[in-house]
Amino acid sequence: MDHANNLPPRQQTGAAATAPPRLNYPRAALALLSLAQLMIALDATIVFVALDAMGHHLQLAPHHLQWVISGYSVAFGGCLLLGGRCADLLGQRRMYVLAMALFGLASLAGGFATEAWLLIAARAAQGVGAALLFPATLAMINTLYRPGAERNRALAVWSMASAAGLAAGALLGGVLTQWLGWNWVLWVLVPVAWPCALAALRYLPAMPSVLRQQRRFDVAGCISVTLGSSLLVTGLVQGPEWGWLDARTLAVLLVAGLALAAFFAIEKRVAAPLMPLAMLKVRGLQQAMLLTLLFMSCYGVQYYFLGLYFQQVLGWSPLQAGLAFVLPTIVCTAGIRWAERGLARRSARTVLMAGWAAGLLGLVWTAAVLPLAGNYWWLVPGFIVMSIGQGASWTGMWVLVGEGIAPQQQGVASGVAATAQQVGAALGLAVLVMVAARPVAQLRAAGEVSAQALGQANALGLQHAEWGTAVIALVALLVCAAMGRKPQLKALKPQTC
């Protein structure tokens, strides 16, 4: 590690300065980066309403059917750090092109699956593609666009693409499954992924490759963190089904803990670490990791529990359930725009506190009126306030991710925050599924009961889960309040190793 790398960013010269490449097509570049996030968000929700059709066509048992979702989640969460470091070492544009090509290929193969294992493998490959794509995309936004209004605007557009993807996934999944078949929820991604990969070669600037300079890659760290993260997400996903004290759950979580402990031990000693541990001392990244975890534990499970409520309790069709999410997702874009304008005049802490406060109020309203949701209009006030808060919180927390991080380490910083996000999604779902299942379990333990009583217990459990998300939002609000009015972010000095 040379002396230049220990200097503050403004004092560095030569190759170590790593000046951002020239952006000749800023609008086209932002469109490509936003399409990547739209596709990731779309893929997260488009499969939900097609699960029943997939199960019937491929003769998947319920406990295997969940792996259509879990296979993607495990691969995504397990490979994010690897994807972030690859973006830093190999070049962010190169990883964007590779990830888009892989995503399109996996989507094409998944649509042609004739066996359950082929579909699950294709979904896992999609997860790997998303894990390579997400950090490269966010890193390019934090590298190519200047801090302040320009970067906030880019993050706002990127965030709105995410909201649009969630809405389109819920609605498009129902339309495609009902009219064309479940295969199309996978095939629809192909004409987006491959053209984006080709367009990136023209409209995204070539990013510097650190690996050309150092020619070192932390293989041991890569294997240990990918194994540990994948097993951690697997344990959290499977815990509610296997049982938290089941030998399989405990074994998976134990091995995950050992692998992650080995990863940190390796990172302390290796010359070119996959993740420089000094990065974890950057206060902005610490805060962002915690908030992304809480965000996904809270907002990330809304589609799951409300989707079940609409279909199982109210008897709505998949298409009706998908349409129910269109309003809150559209309103979410208003929260994103509000956050963009607020960040120009206020600190990220202020915007985040306002966002989480609004989200908390909306979630409390939604949980309180859920028994009245047979009339959709009862939910609208809660959805509006909650979605504004969700959009503002999403934008604010990703602003924190890039603060104090050198340009050539933006990829791994994005991967770290996104890993926390995926762990939060798995952890939140695991805990709240137990909360939702408790009233039904208590009723069954009491003896033979009627279908009507079971339905009421199921509805009560889903309402309890919604109250649980409000509690998580309260915790996030307290975290934002504890950030301090003017947090002193300790900037991480750029390193090539």
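All values derive from a computational prediction rather than experimental measurement.

## Concerning the packing of aromatic side chains
For the structure on display, the rule yields 19 aromatic pairs. For the pair tryptophan 158 and tryptophan 394, a centre-to-centre distance of 5.9 Å together with 20° between the ring planes defines the contact as stacked. Placement of tryptophan 158 in helix H7 (residues 149–179) and of tryptophan 394 in helix H18 (residues 380–402) is noted, with a sequence separation of 236 residues between them. With a relative accessible area of 8%, tryptophan 394 lands in the buried category. For the pair phenylalanine 295 and tryptophan 394, a centre-to-centre distance of 5.4 Å together with 50° between the ring planes defines the contact as tilted. Residue phenylalanine 295 is located in helix H13 (residues 283–298), and its partner tryptophan 394 is located in helix H18; the two are separated by 99 residues in the primary sequence. For the pair shown, phenylalanine 295 and tryptophan 394 are each scored as buried. Through a chain of ring-to-ring contacts, the aromatic side chains of Phe134, Trp158, Phe295, Tyr299, Trp356, Trp394 and Trp398 assemble into a single cluster.

## Some details on the packing of helix H19 (residues 410–445) against helix H20 (residues 451–481)
Viewed as axis vectors pointing N to C, H19 and H20 meet at an angle of 150°, and their least axial separation amounts to 7 Å. Comparing the axis directions of H19 and H20 gives the class roughly antiparallel. For the pair H19 and H20, the crossing hand works out as right-handed. Mapping the contact onto sequence places Leu432, Val435, Ala436, Pro439, Val440, Leu443 and Arg444 in H19 and Ala453, Leu454, Ala457, Asn458, Leu460, Gly461, Leu462, His464, Ala465, Gly468, Thr469 and Ile472 in H20. For the contact of H19 with H20, the per-class residue count stands at 13 nonpolar, five polar and one charged.

## A closer look at the nonpolar core
Grouped together as the largest cluster of nonpolar side chains are 129 residues, with contacts concentrated most on Met54, Tyr96, Leu291, Trp356 and Trp398. Counting residues per element, this core draws most heavily on helix H6 (residues 116–144), at 12 residues. Setting aside anything within four residues of it in sequence, one finds tryptophan 398 in contact with Phe134, Leu138, Leu155, Trp158, Thr292, Ala417, Ala418 and Gln421. If you look at the next biggest cluster of nonpolar residues, it comprises six residues, including Val233, Val237, Val423 and Ala426.

## Points about H18
Relative to the 33 Å expected for 23 residues at 1.5 Å per residue, H18 spans 34 Å between its end C-alpha atoms, a close match to the ideal helical length. Summarising burial for H18: 19 of the 23 residues are buried, a large majority. Phi turns positive one or two residues past the end of H18, at glycine 404, with a value near 80°.

## Describing the pattern of salt bridges
As enumerated under the stated definition, the model contains five salt bridges in all. For arginine 123, the salt bridge is made with aspartate 43, and the minimal N-O distance between the two is 3.1 Å. Residue arginine 123 is located in helix H6, and its partner aspartate 43 is located in helix H1 (residues 26–45); the two are separated by 80 residues in the primary sequence. Residues arginine 123 and aspartate 43 agree in their burial class; the two are buried. Here glutamate 150 ties to arginine 146 by a salt bridge, and the two come within 2.9 Å at their closest N and O atoms. According to the relative accessible area criterion, glutamate 150 is partly exposed, its value standing at 28%.

## A closer look at the confidence of the model for the chain
Put simply, the chain has an average pLDDT of 83, and 90% of its residues get 70 or more. Counted against residues more than four places away or in other chains, residues 1–18, with its pLDDT under 50, gives 20 contacts. Contacts for the low-pLDDT stretch residues 486–497, under 50 throughout, to residues beyond four places or in other chains number 43 contacts.

Cut-off values and rules
- Residues numbered from 1 in each chain as written.
- Predicted model: local features only at pLDDT ≥ 70, side-chain atom pairs only at ≥ 80, totals over all residues.
- Heavy atoms only, no water.
- Phe/Tyr/Trp six-rings, centres within 6.5 Å; stacked < 30°, edge-to-face > 60°.
- Helix = DSSP H or I, 4+ residues; strand = E, 2+ residues; numbered from the N terminus.
- Buried < 20%, exposed > 50% of the residue type's maximum accessible area, 1.4 Å probe, protein only.
- Axes fitted to C-alpha atoms, helices over the stretch in contact; angles between N-to-C directions.
- Parallel < 35°, antiparallel > 145°, perpendicular 65-115°, else oblique.
- Left-handed = near helix turned anticlockwise from the far one by under 90°.
- Contact = heavy atoms within 4.5 Å.
- Nonpolar A, V, L, I, M, F, W, Y, C, P; charged D, E, K, R; others polar.
- Core = buried A, V, L, I, M, F, W, Y, C linked by side-chain atoms within 4.5 Å.
- Expected span 1.5 Å × (residues − 1).
- Salt bridge = Lys/Arg side-chain N within 4 Å of Asp/Glu carboxyl O.
- pLDDT = per-residue confidence, 0-100.

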